Each structure stands twice: as structure tokens, then as C-alpha cells.
Amino acid sequence: MANFEAPKIILDNDTSPKREDSLNTIKAYSGKVSQFLDDVNAGRELQWKDRKFEQTSQCMLTQVVNRVLTIRDSVLVIHGPVGCSQGSYGYRELYRNVPLQLQRPRFQLNILSTNLTEGDIVFGGEKKLKLAIETAVERYNPKSIIIAASCASGIMGDDIEGVVESIQPNIEARIIPIHCEGFRSEISQSGFDATAHAVVKYLVKPPKRKQKDLVNIIAPFSVTWADRVEFTRLFDKVGLRPRFIPDFATTEELMEISEAAVTAPTCPSYGLYLQAALKEKFGVPYFREPAPLGLTNTKEWFRQIAKHTGKEREIESLIAEEEAYVLPKLEEFKKEFKGVDASVFVSAGQARAVFIPKFVVELGMKIAGVNTLELDPYIATELQAVYDQVGDFEIHASDIQPFEQSHMLEKMKPDLYTGCPFMGLYKREGGHVRNHSYRSDFSIQSQQFSFRGILNYGNVIQRALKNPSLNKTLRAKRPRPYKDWWYEQEDVLKYANE
Ligand code: SF4
């Protein structure tokens, strides 16, 4: 098996490298998982890094914005045309749905756009950026100001670091420039690395002391509010404090993540660079896997945390307690699913893409195929373990691409399609259930991490198998979303490389 190397962190650089270069990430792939593993193990170049045609795509800036805008006492300055900010304004309402009783802090989401126009593209946007920073201070008196650079500022070559250097000595708020210009990388997840680079370089302070009970938890969009509540309950029981980064942290809290005992993963795609940068600059230890999904992984995850916090005894009793709760219920699921001849197509980020197949097979069902946004060669170790357990299956990297996923589903005709909300466009084809939800979801079914999450996920599958009538009706009454011609094509990646 190819050895995995952690990404190289050079914080003196303005930003992180793009993932095409640092991890050899691809976002178009179709084949058997055995072929993917052979390619990685043989050190072969994975095809294809970019797509000639995309029906949908994400941009680095949008990936950044929806993560950092929850930093509570901060102002986010989107340095670009006003259109680059359009995706950011619904979040205030979204998060206000979370009841205060569920530990939701009171917060404002402060976002400004520099509103670059055609004239600015000719003469440069630095003056507007300065003005936006001054306005942020005057209007909100924030503890930090995050600048998200756009395609426009990148094309003009605005000297963002120069602006920061000229203003920083005059204001107290820490300024954090993130290079997330949309055109910079075909892999939008490069934006996660750019954010981590900037946060560690400009914001996190050297530790004054080590806090043995503080555990950084990487919290991407898919760690829901219900997951936070459950993690917090479990950590309370063993005398530890979770710090979800960066979601809803304060500037002060982020400054001290260098003092944590360990940085724990939930999704390697989101958090690996942040973990590696904290280790590189401040020596904060981390482990890369497993994500705390399912009973076995969650036990291992907590035991890894125990090693760094000295809480072995407390964590073993927590595991015993949680197993006593979960195992009998899991057995009931297994009994119920036994003999159900159902196949499942999984569409998810990399952490769930390697976990859900194992769980589905454990419940007695079959895996039809797996779709992910992107594929990093480092996922090969975990995929190998899945392959060893469940055998061969189709794997497809698509960066969403509804037309390709629809093609896969038509070809495989799974009984269930289990997907992320943003990949969940297929209610007509097979039973559709959601893998997981957004960060603001506090419903019980959206709590799918840690010990009890497996039961909630089982409930979701159970409901879908018991009542497929909506999907059947939709499929019968609505036409297929694409023309027959497309479904007759042999190659699902026909347009990716043409
Ligand atoms: S940064 Fe570029 S790709 Fe992203 S929203 Fe702005 S213009 Fe579009």
C-alpha cells in the first residue's frame, strides 16, 4: 500500500498549494475500486485532474465563506464583485432556527463586500479593500477581520498582504487574508487548506500553557448542530472540553487552539491541512483517521483522544456505557434487515464514502456503488480496508455532476440512493435518503457521528425501505431528467475528458 505523506506546510508562503499539486487530488474517476487501488499502489497518475465539461461546480471562495462566516466576533470581507457574496446571506436565518436551549450562542453574522466593479478591475481594488476594513472596524468593532480574495482581486493582482501590513499596526482586530480566488484550483476543497493556512499563520497564538482537557474537533459543514450537542454530552462525561473549529468559535477561542491536547478528525478532506499546520507551527498532535462514524471507528477515535489527554479510564467506561446502549438496538436493526435483498448507492464526502459501505454490508445489504466529490490518493488506505471487507464495487468521483450520477443510478438501479443534501437530486430514482445534513440541523436524525449516530442512520435507512411510495410515485409520474440518448452512453465520463 502506498505510504501516505501529510501535506507539506510552508507558512511563510502567502497561501497553501492547490490540491492538484499537493495531494494529486482528482475530481473525475470511474471504475472499480480495485482498479483505483491498483493505480494508487503502482504510483500511476490518476486520471483526470480537471474536467473538460462540468454541469455543476463549486468555487474555493464559496467553500471558504460558508465555513468562516460563523466566527462570532469577526467580520468577513469578501473582496470581489458583489455577486461573489450572493451565497452568504441566507446563513443568518438558517442558524437562527437552532434553539438557544441547544447551546446555540447569540451571534451576528457580519459580512461586507468590496463590490469591485469594471472600473476597479482596471485601476485595482486596494483602496476599496482598505475602506472595507475601516468600515468593518467602525461599524462592528470586531476582534478579527477575515478577507476572502476572489477571482477579480486575483486577476488584478491586488497586493492584499501589503494592505494588511499597512493597516494591521493601527487596529486591534486581527486581519486574516485568505487566498481563495475561484480560478486558482479546479479542486474547490483547496479552499479548506487556504483557510487553515491563513488562520494558523495570522490568528493562532503560540501556547501560553497546555490545556490537557481541551480537544480541537475539526468541524466541517457536515458536523450538524445535533452532532455538536452529542459530542459535548460525551466529552462532559469524561471531563474534556471540545472546541469545534472553526464553526461558531470566537476569535479568542481560535487564538488558543495551539494549547489543545490533540486535534481530532471528522473529515480528512476538510481538516487534514489544519491538523498538519497546527502540528507544524505549534506541535499540537493529531491523528488522521478514523472519523467517528459507527461503533468501531468511534471507539478507536475516543481511544486516540485518550492517549493524548490521559483519560484512558474514563473513556473506557464511556465506551462500555455507550456500547450497552447501542449494541442491542443495532442487533434489532440487523434482525430486521436480515433477508432484505436491497442494494445501496452511496454518494458522500470521502469520510462517509469509506464508512457507509461497511455499515450497509454489516446490515446485510449490498453496495451498488459509491460516488464522491473528489478522490485523494490518501483515501486508498481506508478504501483498501473497505474492499477487503465488502469486495469490489464501482467508484465514481464527480464533483456532484447530477447528469453523471443519474447515469450511474440508471445503470445500477439500486434500491436505495443515500446522498448528501447537496448531492441529493435523485428522488425519482430508487429510494432516496439523506446521508447527513447541514451544520444548522438539530433534528435527531441529523446526528450521525459518534456512538449513537449509527442508530440514527439505521433509522433513516429503515424508514426509506419501509415506505418507498413517494419515490415510486415520482418515478412513475415524472419523466427522466435527461434524454434517453444520455443513458445509452457506455461511458459515464464521456464529457469529462472530451
Ligand atoms: S471567486 Fe470567482 S468563481 Fe468564485 S464566485 Fe467569485 S467570480 Fe465566481
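As the structure is a computational prediction, the values presented were derived from the model and not from experiment.

Student: Break down the sheet that holds strand β2 (residues 74-79) for me, citing the residues and quoting the values.
Tutor: Spatial ordering of the open sheet is given by β3-β2-β4-β5, a layout of four strands whose pairing is parallel. A single partner strand is all that each edge strand has here, and the edge strands are β3 (110-113) and β5 (174-178). Averaged over neighbouring strand pairs, the angle between their axes works out to 20 degrees when direction is ignored. Strand direction decides the pairing type here: strand β4 (residues 144-149) and β5, joined by five bridges, are parallel. Within the sheet, the bridge partner assigned to I146 lies in β5 and is I176. Sitting on the sheet, helix α3 (residues 60-68) is in contact with β2, β4 and β5, with an inclination near 165 degrees to β4. Contacting β4 and β5, helix α8 (residues 160-167) runs over the sheet at an angle of about 180 degrees to β5.

Student: Account for the site of the ligand, naming residues and giving values.
Tutor: If you check the shell around the ligand, you find C59, L61, G80, C84, S150, C151 and G182 and nothing else. Broken down by class, the residue content of the shell around the ligand amounts to four nonpolar, three polar and no charged.

Student: I'd like to hear about unusual backbone geometry, residue by residue, with values.
Tutor: Following I245, the chain continues into P246 via a peptide bond in cis, with omega recorded as 0 degrees. Residue position: P246 is located in the loop between β7 (241-245) and α11 (251-255). Cis geometry marks the peptide bond from E289 to P290, where omega comes out at 0 degrees. Here P290 is to be found in the loop between α12 (268-282) and α13 (295-309). In the Ramachandran plot, K413 falls in the positive-phi region, its phi being about 45 degrees despite a non-glycine side chain.

Student: Go over the environment of F36 with me, naming the residues and quoting the values.
Tutor: Structurally, the position occupied by F36 is in helix α2 (residues 33-41). Sequence-wise, F36 and S469 are 433 residues apart; in three dimensions their C-alpha atoms are separated by 36 Å. Setting aside anything within four residues of it in sequence, one finds F36 in contact with Y29, G31, L383 and I395.

Student: Lay out the nonpolar core in plain terms, naming residues and giving numbers.
Tutor: Counting residues in hydrophobic clusters, the biggest one holds 128 residues, and the most contacted among them are L76, V77, I146, I147, A148 and I178. Setting aside residues no more than four positions away along its own chain, I178 makes contact with V64, I146, I147, A148, A149, A194, T195 and A198. Core analysis: the next-biggest nonpolar cluster, separate from the first, contains five residues, Y95, V98, A226 and F442 among them.

Student: Requested: an account of the packing of helix α6 (residues 126-140) against α8, with residues and values cited.
Tutor: Two numbers describe how α6 lies on α8: the axes approach to 10 Å, and their chain directions differ by 40 degrees. Our classification of the angle between α6 and α8 gives oblique. As α6 runs across α8, the sense of the crossing is right-handed. On α8, the residues touching E126, L129, K130 and I133 of α6 are I160, V163 and I167. A class-by-class count of the residues in the contact of α6 with α8 yields five nonpolar, no polar and two charged.

Cut-offs and rules
Residues numbered from 1 in each chain as written. Predicted model: local features only at pLDDT ≥ 70, side-chain atom pairs only at ≥ 80, totals over all residues. Pairing = 2+ DSSP bridges. Helix = DSSP H or I, 4+ residues; strand = E, 2+ residues; numbered from the N terminus. Axes fitted to C-alpha atoms, helices over the stretch in contact; angles between N-to-C directions. Contact = placed C-beta atoms within 7 Å. Near = placed C-beta within 6 Å. Nonpolar A, V, L, I, M, F, W, Y, C, P; charged D, E, K, R; others polar. Core = buried A, V, L, I, M, F, W, Y, C linked by C-beta atoms within 7 Å. Buried ≥ 20, exposed ≤ 12 C-beta atoms within 10 Å, placed from the backbone. Parallel < 35°, antiparallel > 145°, perpendicular 65-115°, else oblique. Left-handed = near helix turned anticlockwise from the far one by under 90°.

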